[in-house]
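Listed here are the chains, written in short residue letters.
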Amino acid sequence: MTEDYSEIRNAVRALCAGFPPEYHRQIDQDRAYPEAFVEALTQAGWMAALIPEKYGGSGLGLTEASVIMEEINRAGGNSGACHGQMYNMGTLLRHGSDVQKAHYLPKIASGELRLQSMGVTEPTTGSDTTKIKTIAKRKADRYVINGQKVWISRVQHSDLMILLARTTPLVEVKKKSLGMSIFIVDLKQAIGNGLEVKPIRNMVNHETNELFFDNLEIPVENLIGEEGLGFKYILDGLNAERALIAAECIGDGYWFIDKVTEYVKERKVFGRPIGQNQGVQFPIAEAHIEIEAANLMRFEACRLFDAQQPCGAQANMAKYLAAKASWEAANACIQFHGGMIKESEYKYNNYLHQDSFVNATFWSGSPLRKKTEPPPTKVEGFSGLERLR
């Protein structure tokens, strides 16, 4: 990887500079959505990076999109508020019809519509996606949807949602990866008309929800691609998700390394900076090494994705390595700042709280995540790594 994407990096950094730490602290304190920040990213064209130019986007690849996400986090922002639009886009771009693209993409590019949400996870299935129980039954020119989803993010700040549902019962398919279909749901029309959204209050300021479908009707033309092949389609979106979240964790990691390095040079104990002690230097250096290694795997996953080659293993490895590396960088930051890290007004507190530890824990870097995932096995032609999400 020889390209450093300095033009993109500098432009995103300049935009993020307009939203100082005080802005993000206030958003976190109010448990609010960073509306102004996301709108600024949208109007600058960054949220339309993957959309082809003929639909009003930039026509960039996943590699460039990952650099955008990395720089948001490296600047102290939280791309978790907006990254869904990036990885959900892949499903529509690669498998949507020309009519669907012409209808949705220009409006998404302009900011008129947001595609921030994806409904896959269910309470009783988790990572075993082939066992989902949400069903979509064809009825004339409509699909009628019944079921439940959980941990579905940004529904309250999105206009559209990518939804995975079973259109053929599991017992009737030859392969359990078949019989699922992808739909695009107009949330504004659906909520209150067969879709109930129940917010889930959580430890951090991250909007996530439980969804209940009770005879929700959507038009047949909202089906993306061919009926029954939704699992194959959704993997494209999930692999993009993994690579982008790896980039975010890398941005987190670099941010923490920069901050802790600056601090240990200034903080003096017994007459000299604590950064002169090897016990301080080694954990920081090890975290930096891990971030650099994860970065290489991130770019490899993106390269394969952009070339439309299989990238499931690489995307999962990138996410795992990056989450683990950002965890170690954040831990070093905590350890060497000591008690100051817990003070609510201190400049690092909300970033540690809202972003890096969430990324590291949820996105498969933690021991808990590894213990609760299925072992790597071959299932219906897909590596077990495809199921780590």
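Bear in mind the structure is a predicted one, so any value in this text is a computation, not a measurement. Sequence order as written defines residue numbering, which begins from 1 separately in each chain. Confidence filtering applies because this is a predicted model: local features only for residues at pLDDT of at least 70, side-chain atom pairs given and counted only at 80 or more, and all residues used for totals across whole chains, interfaces and linings. With hydrogens and water excluded, all non-hydrogen atoms of the structure serve as input to the side-chain values.

### Regarding the overall build of the protein chain
The criterion, for reference: Labels follow the DSSP assignment, with helices taken as runs of H or I lasting at least four residues and strands as runs of E lasting at least two, numbered in each case from the N terminus. What makes two residues a contact is simply this: any of their non-hydrogen atoms within 4.5 Å.
Secondary structure summary: the protein chain contains 12 helices and 12 strands in total. Considering only contacts in the protein chain between residues 6 or more positions apart, those separated by 24 or more positions represent 73%.

### A short note on the pairing of strand β4 (residues 160-166)
Test applied: For every residue, the accessible area obtained with a 1.4 Å probe (protein chains only) is divided by the maximum for its type, and the residue is called buried under 20%, exposed over 50%, and partly exposed between those limits. A pair of strands counts as paired when DSSP detects no fewer than two bridges linking them.
Burial of β4 is extensive: 7 of the 7 residues sit out of reach of the surface. Residue alternation in β4 divides its side chains into two sets, Leu160, Ile162, Leu164 and Arg166 and Met161, Leu163 and Ala165, and both sets are buried. Bridge count between strand β1 (residues 115-119) and β4: 4 bridges; the pairing is parallel. Opposite Ser117, over in β4, you have Met161 as the bridge partner.

### Description of the side chain of Arg166
Our working definition: All tallies of charge rest on Lys and Arg as positive and Asp and Glu as negative; His and the ends of each chain are not included. We count a salt bridge whenever a side-chain nitrogen from Lys or Arg sits within 4 Å of a carboxyl oxygen from Asp or Glu.
With respect to the helices and strands, Arg166 occurs in strand β4. Notably, Arg166 is buried but unbridged: the nearest opposite-charge side chain belongs to Glu122, and the N-O separation is 8.6 Å. Setting aside residues up to four positions removed in sequence, Arg166 forms contacts with Thr130, Ile132, Thr134, Ile135, Ala136, Val173, Lys176, Leu178, Gly179 and Met180.

### Looking at the side chain of Glu71
We count it as follows: Whenever two N or O atoms come within 3.5 Å, that pair is a polar contact, provided that in protein one can donate a hydrogen and the other can accept it, and provided that, for residues adjacent in sequence, both atoms are side-chain atoms.
Position of Glu71 relative to the elements: it lies in helix α4 (residues 62-74). A polar side-chain atom of Glu71 sits 2.7 Å from a polar atom in the side chain of Arg13. Apart from the residues lying within four places of it in its own chain, the contact partners of Glu71 are Arg9, Val12 and Arg13.

### Examining the packing of aromatic side chains
To keep things clear, this is the line we draw: Each Phe, Tyr or Trp ring, with Trp reduced to its six-membered ring, pairs with another whose centre is within 6.5 Å; inter-plane angles below 30 degrees give stacked pairs, above 60 give edge-to-face pairs, and intermediate values give tilted ones. Look at NZ for Lys and CZ for Arg. If either is within 6 Å of the ring centre and within 35 degrees of the ring normal, a charge sits over the ring.
The final tally for this structure, using the stated rule, is 5 aromatic pairs. Between Phe19 and Phe37, the ring centres sit 5.2 Å apart and the planes meet at 70°, which makes this aromatic pair edge-to-face. Placement of the pair is Phe19 in the loop between α1 (6-16) and α2 (21-29) and Phe37 in helix α3 (residues 35-43), with a sequence separation of 18 residues. Plain terms: the ring middles of Trp255 and Phe256 are 5.2 Å apart, the flat faces sit at 85° to each other, and that makes the pair edge-to-face. Exposure class is identical for Trp255 and Phe256. Each is buried. We note Arg74 situated over the ring of Tyr254; from NZ or CZ to the ring centre the distance is 4.2 Å. For Arg298, the ring lying beneath its charged end belongs to Phe299, and the centroid distance is 4.0 Å.

### Description of the confidence of the model for the protein chain
Filter applied, for reference: Confidence scores labelled pLDDT are given residue by residue by the predictor and lie between 0 and 100.
Chain-level statistics for the protein chain give a pLDDT mean of 88 and a share of 87% at 70 or above. Segment residues 371-389: pLDDT under 50, and 44 contacts once partners within four positions in sequence are set aside and those in other chains are kept.

### Remarks on the pairing of strand β2 (residues 135-139)
In terms of strand pairing, β2 meets strand β3 (residues 142-153) through 5 bridges, oriented antiparallel. Following the sheet pairing, Arg138 is matched in β3 by Tyr143. As consecutive antiparallel partners, β2 and β3 are separated by 2 residues, and within that stretch Ala140 has a phi angle of approximately 60°, a positive value.

### Some points on the environment of Ala318
Within the secondary structure, Ala318 is located in helix α10 (residues 312-337). The class of Ala318 is buried, set by a relative accessible area of 0%. In sequence terms Ala318 and Ile245 are 73 residues apart; their C-alpha atoms lie 8.9 Å from each other.

### Some words on α4
This is how it is decided: For a helix, the expected span equals 1.5 Å multiplied by the residue count minus one.
The end-to-end C-alpha distance of α4, which contains 13 residues, comes to 18 Å, matching closely the 18 Å that a straight helix rising 1.5 Å per residue would cover. The buried fraction of α4 amounts to 12 of the 13 residues, a majority that puts the element mostly inside the structure. For α4, every residue scored as buried is listed here: Leu62, Thr63, Glu64, Ala65, Ser66, Val67, Ile68, Met69, Glu70, Glu71, Ile72 and Asn73. Of the residues trailing α4, Gly76 is marked for its positive phi of about 95°.

### Remarks on the pattern of salt bridges
A complete count under the given rule lists 15 salt bridges for this structure. A salt bridge links Glu70 to Arg298; its shortest N-O distance comes to 2.4 Å. Highlighted residues: Glu70 in helix α4 and Arg298 in helix α9 (residues 278-306), separated in sequence by 228 residues. For Glu70, a relative accessible area of 1% gives the class buried. A residue is classified by how much of its surface remains accessible, and Arg298, at 0% relative accessible area, is buried. Between Asp128 and Lys131 there is a salt bridge whose closest N-O contact spans 3.4 Å. For Asp128, a relative accessible area of 24% translates into the label partly exposed. Here Lys131 falls in the partly exposed class, since its relative accessible area comes to 34%.

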